[in-house]
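Each chain, written out:
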Amino acid sequence: MTPGAPFIVRKDGHLFIDQWAAKRVADQLGTPCFVYSKAALVHAWHQYADALEGTPHLICYAVKANSNLAILNLFAQLGAGFDIVSGGELARVLKAGGRADRVVFSGVGKTEAEMRAALYAGIKCFNIESPSELDRLNRVAGEMGKVAPISIRVNPDVDAKTHAHISTGKKENKFGIGYDMAPDVYAKALDLANIRITGIDAHIGSQVLDPEPLYAAMQRLLDLADRLMADGIPLHHISNGGGLGIQYKDEKTADIGAYVKRLRDMLGDRKLELLLEPGRSMVGNAGVLLTKVEVLKTAGEKNFCVIDAAMNDLARPAIYGAWHEIIAASPDSAPVRNWDVVGPVCESTDKLGEGRPMGISEGDLVAILSAGAYGMTMSSNYNTRPRAAEVLIDGEDAFVIRKREVIADLFRDEIIPERA
Ligand code: LLP
């Protein structure tokens, strides 16, 4: 089964994103481009939302996974909250019509300017990651005559058993406040004039396939929350972060509905609003990176398929050695061979996949699947390459939701100093 099915499937050799053949998208809008299925996004939303029905909750979509305004707007319309990690992401959420009072602000290094912007907007809460951040926020809020709502991001010291680069919940990671230290920080927060305690949160990592560590983290949070509430700390919400993995290849992933149900059971009749911060599982399999084959070449034993997308468009294979399914988007035009799929960037790590069987010729379309999360948001202009266009397919309609960059944009803000 293709990751992204039933919204993204290959029929008679033609790749379809909802009702649009990839070829039709490419003919009209060119390549490379990220193509997203609205139906797949809405489906992912409902997997969480339906399972949470009946429990006070807020799904805070993790903006970093895909921050296009159209996608944020779609989730805002569905009732989402947002997990942000910068003033930039806050500005995007507000621009896209998201409600500030549904925003939670994570991150270990929030600047004073970011704190001010978030206080001004009136966000739901700051997820505090260090004692000194708490002091700083108290001071900044005081200067503004405001009271800052906070949650403490607790580091539950649970191993998410995922790639080391995206594991965040062990005590040696930079994230959160140590489990044993958290009660003292809460006690201190209680005394600060410009701080109001509202919750407790954790996030242990990303692309988590076996949900057991996520349950373990939730249990650690609940144990701590019970102690804190018994000591008179007023908690109103609990967030178990994001992290559920998706299928890129043949991974067995946790069922979202079953995961949510288990969290609800664990929560029991505690009067706490349940927050989640899913990113990848909301958007990852709702998008593909559509590219064109520029050059086919053979070197020694290797067959290279050089496409018009590269590591600057999709960084995950180069950074994490991540595996993405790569398929021909049109019917085979040549005998199937195994191809190393590479981009034109001058780096050996600019390899999107190795030994992929495809029956392709130059000029054909190739799609990199599961590219909806951490694709566009991690893209760059390396090698002075304009970033790809983004397209949202909604049934019969296709909307350009980000124009392809033009080269002149890339050095518009650069200045050659004038000499006297
Ligand atoms: N909440 C917090 C505080 C986070 O740091 C993250 C992701 C999430 C929620 C969302 O996690 P998700 O549901 O997407 O797993 N660039 C990497 C992933 C980095 C994730 C960082 N934090 C990748 O491409 O695999």
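Heads up: these notes are all about the structure in this document. (Residues numbered from 1 in each chain as written. Predicted model: local features only at pLDDT ≥ 70, side-chain atom pairs only at ≥ 80, totals over all residues. Heavy atoms only, no water.)

**Details of the state of the cysteines**
Okay, so step 1: Going through the model one piece at a time under the given rule, you end up with zero disulfides.
Okay, so step 2: Sulfur of cysteine 305: no disulfide; nearest cysteine sulfur belongs to cysteine 33 and is 17 Å away.
Okay, so step 3: Free cysteine cysteine 346: the closest other cysteine sulfur is in cysteine 305, separated by 17 Å. (Disulfide = S-S within 2.5 Å.)

**Structural notes on helix 1 (residues 22-29)**
Okay, so step 1: Of all the positions in helix 1, only Ala22, Val25 and Ala26 are classed as buried. Projected down its long axis, helix 1 carries its buried residues within an arc of 95°, all on one side. The exposed residues of helix 1 that point more than 90 degrees off its buried face are Asp27 and Gln28.
Okay, so step 2: Against strand 2 (14-17), strand 3 (20-21), strand 4 (33-37), strand 14 (287-299), strand 19 (365-368) and strand 20 (389-394) lie the buried residues of helix 1.
Okay, so step 3: Just downstream of helix 1 lies glycine 30, where phi reads positive at about 80°. (Buried < 20%, exposed > 50% of the residue type's maximum accessible area, 1.4 Å probe, protein only. Helix = DSSP H or I, 4+ residues; strand = E, 2+ residues; numbered from the N terminus. Arc of directions from axis to C-beta. Contact = heavy atoms within 4.5 Å.)

**Here's the deal with the packing of helix 6 (residues 131-144) against helix 7 (residues 182-191)**
Okay, so step 1: Two elements in contact, helix 6 and helix 7, have axes whose closest approach is 11 Å; the angle formed by their N-to-C orientations is 10°. The angle between helix 6 and helix 7 places the two elements in the roughly parallel class. For the pair helix 6 and helix 7, the contacting residues are Pro131, Leu134 and Asp135 in the first and Val185, Lys188 and Ala189 in the second.
Okay, so step 2: Tallied by class, the residues present in the contact of helix 6 with helix 7 amount to four nonpolar, no polar and two charged. (Axes fitted to C-alpha atoms, helices over the stretch in contact; angles between N-to-C directions. Parallel < 35°, antiparallel > 145°, perpendicular 65-115°, else oblique. Nonpolar A, V, L, I, M, F, W, Y, C, P; charged D, E, K, R; others polar.)

**Some thoughts on the packing of helix 5 (residues 112-121) against helix 6**
Okay, so step 1: Two elements in contact, helix 5 and helix 6, have axes whose closest approach is 10 Å; the angle formed by their N-to-C orientations is 55°. Looking at the two axes, helix 5 sits oblique to helix 6. For the pair helix 5 and helix 6, the crossing hand works out as right-handed. Of the residues in helix 6, those in contact with Glu112, Met115, Arg116, Leu119 and Tyr120 of helix 5 are Glu133, Arg136, Leu137, Arg139, Val140, Ala141 and Met144. (Left-handed = near helix turned anticlockwise from the far one by under 90°.)

**Some words on the layout of surface pockets**
Okay, so step 1: Volume-wise, the largest pocket comes out at about 620 Å³.
Okay, so step 2: Contributing to the lining of the largest pocket are 33 residues, with Lys64, Thr168, Phe175, His203 and Tyr374 lying nearest its centre.
Okay, so step 3: Looking at the lining of the largest pocket, the elements that each hand over two or more residues are helix 10 (280-283) and helix 11 (316-320).
Okay, so step 4: The residue inventory of the lining of the largest pocket, partitioned by class, reads eleven nonpolar, 13 polar and nine charged.
Okay, so step 5: Quantified by volume, the second largest pocket comes out at close to 450 Å³.
Okay, so step 6: In terms of lining residues, the second largest pocket is bounded by 25 residues, among which His43, Gln47, Ile246, Ser281 and Asn285 are the most central.
Okay, so step 7: Mapped onto the lining of the second largest pocket, the elements with two or more residues apiece are helix 2 (38-52) and helix 10. (1 Å grid on protein atoms, 1.4 Å probe; cavity = no way out; pocket = protein on both sides within 12 Å on 5 of 7 lines; lining within 4 Å. Points joined across faces, edges and corners; volume = space filled by probe spheres on them.)

**Considering the nonpolar core**
Soluble globular proteins: nonpolar side chains tend toward being buried together.
Okay, so step 1: Within the largest apolar cluster, 123 residues are counted, with the highest numbers of intra-cluster contacts made by Phe75, Phe82, Phe126, Ile150, Ile200 and Leu290.
Okay, so step 2: Considering each element in turn, this core owes the most residues, nine residues, to helix 8 (residues 212-230).
Okay, so step 3: Setting aside residues no more than four positions away along its own chain, phenylalanine 126 makes contact with Phe105, Lys110, Met115, Ala118, Leu119, Leu137, Ala148, Pro149, Ile150 and Ser151.
Okay, so step 4: Judged by nonpolar contacts, the second largest core, of five residues, contains Cys60, Val104, Cys125 and Leu275. (Core = buried A, V, L, I, M, F, W, Y, C linked by side-chain atoms within 4.5 Å.)

It is worth stressing that arrangement in space is one thing and function is another; only the former is reported here.
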